[in-house]
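Structural features, examined
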Amino acid sequence: MINVIQGIMEAVQYDFILKALLVGSLIATCCSILGVFLVLKKFSLIGDGLAHVSFASVAVALLFAASPLLISIPMVIVASFIILKLNEKADLHGDAAIGLVSSFSIAAGVLIASLANGFNVDLMSYLFGSILVISDVDIVISIILSAAVIILVLLFYNNLFAITYDEEFARVAGLNTRLMNYLIAVLTSVTIAIGIRIVGTMLISSLIVFPTVTALQISKGFKGTMVISAVVSVSCVISGVFLSYLFNLPTGAAIVMLNTVIFLAFFCIKRLNII
Amino acid sequence: MNSILSVENLTLKYGRHEVLSNISFTAEVGDYIGIVGPNGSGKTTLLKAILGLHPFSEGKIRFNNGSKDGRFAGYLPQKAVASDRIFPATVREIVSIGLLARKKDPKFISKGDYIKIDAILDKLEISDLKRKKMGNLSGGQQQRVLLARALVSSPELLILDEPASALDPKIREDFYGILKDLNEKEGVTILLVSHDMASIGQYTKKMLYLDRRLVFFGSYEEFCKSPDMTVYFGHLSQHQFCWRHLDD
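Because the structure is a prediction, the values reported are computed rather than measured.

On the chain A side, the residues contacting the 32 residues of chain B number 27 residues. Overall, the association of chain B and chain A removes approximately 2700 Å² of surface from exposure, summing both partners, and the carbon and sulfur fraction of that is 63%. Put simply, chain B and chain A have two salt bridges between them. In this assembly, chain B and chain A are joined by ten residue pairs in polar contact (both at pLDDT 80 or more). Those elements giving two or more residues to the side of chain B that touches chain A turn out to be helix 2 (91–97) and helix 4 (139–151) of chain B. In terms of residue count, the dominant contributor to the side of chain B that touches chain A is helix 2 of chain B (three residues). Classifying every residue of the side of chain B that touches chain A gives 20 nonpolar, three polar and nine charged.

Listed below in structure tokens is the structure:
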């Protein structure tokens, strides 16, 4: 135990660990807050689908030697709109629309990667993330993003809650449900485009899904779910960063494994009626 | 009498398929109208057109307060999300949604709003449920919560789509009793869609029989004694719907 505490004290001496903790916590907060809306609207897998689009967009950016983020953000936003349109207009359920866009994107990413040799190593870093090599620009972008997500969700909390619970009633109440759906889509897209640099394409959707389903085990209300989800998510990211430092583990995988353990613990608490 | 809603020559199509044809009727203040008809007759579609959820190809829908849609009305939908047991929402949170229609963005729920929410829960005798999770309540309790959501903004017009179809007979009677009190004691105008003609006929003041077109609109007594309806249903069926009046 003393060794662990000493290891943590040692870890926080390093700049890259502090940056990882800060950016990881901000991305985790955004993912968990948006995750509550996405999971309850049965769009859980949108994180996975958009992460695949982001993977394709990084391949495009590397092909043209452009900034991955500049290419990723607009491409992922467009993809999220296509998913919403397919859902609205083509009578496709959300999961099927996500499946179409996701599989197309991963295929496009792999094709581009195979056609242009020489950046496969860079691309692989986006598959699994690199939370320990975060730049100052990443920190600034993450702070702006999380501030935007938190402010917009606070401002439109009641609208977002109403359309998540009962979209038809929200329309009758005169709420602009389409605008709110697109707001969630844009915020999710930007969060994912930035988030995959940290936890990777393979693991970003876990930051969206796990904290919410964990919170759902014990929460009664919507606000409570959001708070528990954010606390669980940030705790897992902080613990995961320290675990990966102490035991030389891949950070993204450590964070997801911790999320799994917390989910199982909350699941047991619910089953045993402890709360 | 003052009209609260008038529907004039309403025609609504899904693609080329005409779902409602040339519907006209007027709801007066204090009316309690039961909208009935066979499956697929356009009952729910008519309500959704009134609420502004369905665009219509021809005709007009007018509200006496000048509103363009049914936003000022209280609405209790047919298929409630309340059946989703895992959705994390307390009774108070759900009822608060009913207050959003009259607020400007950004829409915040104030302390005064919580007083209104608690008052309507108290009136519907479910104040003990206010901190409970909606998904953990019984069907009858959930329906009262959704009625509270529809009533919390004190609407003059209440629109309900098959509100009691999933309730057992005793709870259904209680639920209709609440609606009757709202109509008779507080003057709330009610439009209620139901497939259960015999049951709602005991409560409503008027019946509107729909079969993609308006077949009948008038009092329940007229509905039961109308030769047109006898021709439409046959003696036996009409007797099943209207035994109360025909036996008098």
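Counting buried residues along helix 8 (residues 157–165) of chain A, nine of its nine residues qualify, which places the element largely inside the surrounding structure. Turning to helix 8 of chain A, its buried residues are Tyr-157, Asn-158, Asn-159, Leu-160, Phe-161, Ala-162, Ile-163, Thr-164 and Tyr-165 of chain A.

As a further point, take the environment of Phe-81 of chain A. Residues and elements named next belong to chain A. Along the chain, Phe-81 falls in helix 4 (residues 68–89). The spacing of Phe-81 and Val-256 is 175 residues in sequence and 28 Å in space, taken between C-alpha atoms. In this structure, Phe-81 is in contact with Tyr-182, Ala-185 and Val-186, ignoring residues within four places of it in sequence.

On to the pattern of salt bridges. Summed over the entire model, instances satisfying the criterion amount to 14 salt bridges over all chains. Between Arg-178 of chain A and Glu-88 of chain A there is a salt bridge whose closest N-O contact spans 3.5 Å. Of this pair, Arg-178 of chain A sits in helix 10 (residues 177–199) while Glu-88 of chain A sits in helix 4; the two residues are 90 residues apart in sequence, bridging distant segments of the chain. Residue Lys-170 of chain B is joined to Asp-174 of chain B by a salt bridge in which the shortest nitrogen-to-oxygen separation is 3.0 Å. One end of the pair, Lys-170 of chain B, and the other, Asp-174 of chain B, are both in helix 5 (residues 169–186), four residues apart, so they sit about a helical turn from each other.

Residue and element names in this part refer to chain B. Read across the sheet, three strands follow the order 2-1-4 without closing on themselves; strand pairing throughout is antiparallel. Since the sheet does not close on itself, it has two edges, and those belong to strand 2 (17–28) and strand 4 (58–63), each with one partner. Sheet twist, expressed as the average angle between the axes of neighbouring strands with direction ignored, equals 15°. Relative to strand 2, strand 1 (residues 3–14) is paired through eight bridges, and the arrangement is antiparallel. Along strand 2, the bridge assignment pairs Leu-5 with Ala-27. Sitting on the sheet, helix 1 (residues 43–50) touches strand 1, strand 2 and strand 4, and the angle it makes with strand 1 is about 120°.

The rules behind the values
Residues numbered from 1 in each chain as written. Chains lettered and ligands numbered in written order. Predicted model: local features only at pLDDT ≥ 70, side-chain atom pairs only at ≥ 80, totals over all residues. Heavy atoms only, no water. Contact = heavy atoms within 4.5 Å. Buried area = accessible area lost by both parts, 1.4 Å probe. Salt bridge = Lys/Arg side-chain N within 4 Å of Asp/Glu carboxyl O. Polar contact = N/O pair within 3.5 Å; in protein donor to acceptor, adjacent residues only side chain to side chain. Helix = DSSP H or I, 4+ residues; strand = E, 2+ residues; numbered from the N terminus. Nonpolar A, V, L, I, M, F, W, Y, C, P; charged D, E, K, R; others polar. Buried < 20%, exposed > 50% of the residue type's maximum accessible area, 1.4 Å probe, protein only. Pairing = 2+ DSSP bridges. Axes fitted to C-alpha atoms, helices over the stretch in contact; angles between N-to-C directions.

From the geometry alone we can't say anything about function, so treat these as descriptive.
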